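# Summary of the model geometry
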Amino acid sequence: MKASLFGRIFIGYIAILAVFALAAVWISFTTLERKYNRLVERHLRAMASTLGAALDGGAWEQPGTALQTDITALGRATGVRITVIATNGVVRADSEADAAGMENHADRPEVRAALRGITRAEARFSDTVRERMLYLAVPVTGPDGVVMVARVSAPLSTTTRLLRMALRELALIILVMLLLAGGAAAVLAHRLSRPVLELRAAAQHVAAGNFDTHLDLAGSSELRDLSASFNQMTRHVRDVVAQLTSRNAELDAVIGAMREALVVLDDTDRIVLANASFARLSLVPPTRQTQYWECLRAPALSDLIHAARAAGARTSGDVQLNDQHFLCNVTPLNGSHELVVTLHDVTELKRVERMRRDFVSNVSHELRTPLTAIKGFVETLEDDAALQHNRYLE
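Quick summary incoming for the structure in this document. (Residues numbered from 1 in each chain as written. Predicted model: local features only at pLDDT ≥ 70, side-chain atom pairs only at ≥ 80, totals over all residues. Heavy atoms only, no water.)

Another point: the overall build of the protein chain. Helix and strand content of the protein chain: ten helices and ten strands. Per-residue burial over the protein chain gives 28% buried out of 394 residues. At a minimum sequence separation of 6, the contacts of the protein chain that also span at least 24 residues come to 41%. Carbon and sulfur atoms form 59% of the exposed surface of the protein chain, whose accessible area is close to 25000 Å². (Helix = DSSP H or I, 4+ residues; strand = E, 2+ residues; numbered from the N terminus. Buried < 20%, exposed > 50% of the residue type's maximum accessible area, 1.4 Å probe, protein only. Contact = heavy atoms within 4.5 Å. Areas by Shrake-Rupley, 256 points an atom, 1.4 Å probe, with all protein chains shown as cover.)

This is the structure we're talking about:
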């Protein structure tokens, strides 16, 4: 089912608000995560600097057991994991794991950087403690350069937990804001859709023929101007329809009063309009969409219609229907493919013309017989009469 205008506007506002809310959550989450990671990294740098200074003081030269004990105690005191790594990557001490069982760390990015004298932080998953960690390694220098790497690390799971807590609180706040914004969006959508719905209802009444419909939109000046324009248009349409109705009635009266049969054909030779005189001649009722040849079957009429379509001009000719004779005119309408066909009854004229021809023929015959006799008498008298009387005969 097609959604209403109110529904589309409301859903659109809610969708926009939801997108902005999700964007706000994502931006807040990433911003908080980045800031917290920076705080953790800053704390690790401070711890690494302190540890590096202690090892530079010679603490790294302690035996493995003593160094392991000190690193473990320091890790517990600071709450961070501390790892001391030799230049060959071997772990000498670790505050949370057995150094002897740990793999070589020479391939760790932060360790490689520290061996080159560069302090570097790196975040990745730890296979030893099975969680994501942030590592920071600093070089421990001696008389001959870097002699060891001190690495401190802190779990990022704490960051994730804090961010999840903050995200839940933020999501709750945003949900409340969305509910409030949804109510405001519903009110706004109703105010925006109400004038359109009223305009649609008024337009439907006008389309149904109710030209007395009056539209009154309350609100801004634009809506009031729209109401005034719509009402003016309705009045104009009402006047135009009244004029057209009157003219159509006059035209129907004129066409109906015509003695000549009239029919209008479309481009497929179907009847569009026919008057009563044509209906009296038709074999079947001349309803709309009826083929003309179903009503009148006259080859001469079909020839005239085809000739008019081919030439695009008026054609005329005689058409005989049973005992009646008609003068047929076929005229194309300008700007369309329709034809106007008129049939003028000339049966009486044909009868009068036939009577005239018969009368002339009869009169000529009746006059020809006495004239022939008189001419014979004259010729006989010319032979017998005296010469002095010839001039009378002549």
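Still to come is the rest of the account.
Taken together, five strands build an open sheet; the order of strands is β7-β6-β10-β9-β8 and the sheet is antiparallel. This sheet does not close on itself; its edge strands, each paired only once, are β7 (271–274) and β8 (315–321). In this sheet, neighbouring strand axes are inclined to one another by 25° on average, regardless of whether the strands run parallel or antiparallel. The pairing of strand β9 (residues 324–332) with strand β10 (residues 339–345) spans seven bridges and is classified as antiparallel. Directly across from P332, in β10, lies its bridge partner L339. Relative to the sheet, helix α8 (residues 299–311) contacts β6 (261–265), β8, β9 and β10, its axis offset from that of β8 by approximately 165°. (Pairing = 2+ DSSP bridges. Axes fitted to C-alpha atoms, helices over the stretch in contact; angles between N-to-C directions.)

A separate point is the nonpolar core. Residues L301, I305, C328, V330 and V341 are the most contacted members of the largest nonpolar core, which totals 21 residues. Secondary-structure elements contributing two or more residues to this core are β6, α7 (292–295), α8, β8, β9 and β10. Leaving out residues up to four positions away in the same chain, C328 has contacts with L301, L304, T315, S316, G317, V319, V341, T342 and L343. (Core = buried A, V, L, I, M, F, W, Y, C linked by side-chain atoms within 4.5 Å.)

It is worth spelling out a nonpolar patch on the surface at this point. Taken together, the side chains of L172, L175, V176, L179 and L180 make up a nonpolar region of the molecular surface, amounting to roughly 530 Å² of accessible area. Residue classification places L175 among the partly exposed positions, given a relative accessible area of 46%. (Patch = residues over 30% accessible without salt bridge, like charges linked within 9 Å, V, L, I, M, F, W, Y side chains within 5 Å. Salt bridge = Lys/Arg side-chain N within 4 Å of Asp/Glu carboxyl O.)

A word on the pairing of β10. For β10, the tally of buried residues reaches five of seven residues, placing the bulk of the element in the interior. Sheet topology note: the β6/β10 ladder contains five bridges and is antiparallel. Within β10, the residue paired with L265 across the bridge is L339. Following β9, the chain reverses through six residues before pairing antiparallel with β10; G335 in that reversal takes a positive phi of roughly 80°.

Turning our eyes to something else, we now look at the side chain of T315. Take T315: it is sitting in strand β8. Since its relative accessible area comes to 14%, T315 is described here as buried. A polar atom in the side chain of T315 sits 3.2 Å from the backbone oxygen of L304. Those residues within four positions of T315 in sequence are excluded, and the remaining contacts are L304, A307, A308, C328, N329 and V330. (Polar contact = N/O pair within 3.5 Å; in protein donor to acceptor, adjacent residues only side chain to side chain.)

Take it as geometry only, folks, not as evidence of what the structure does.
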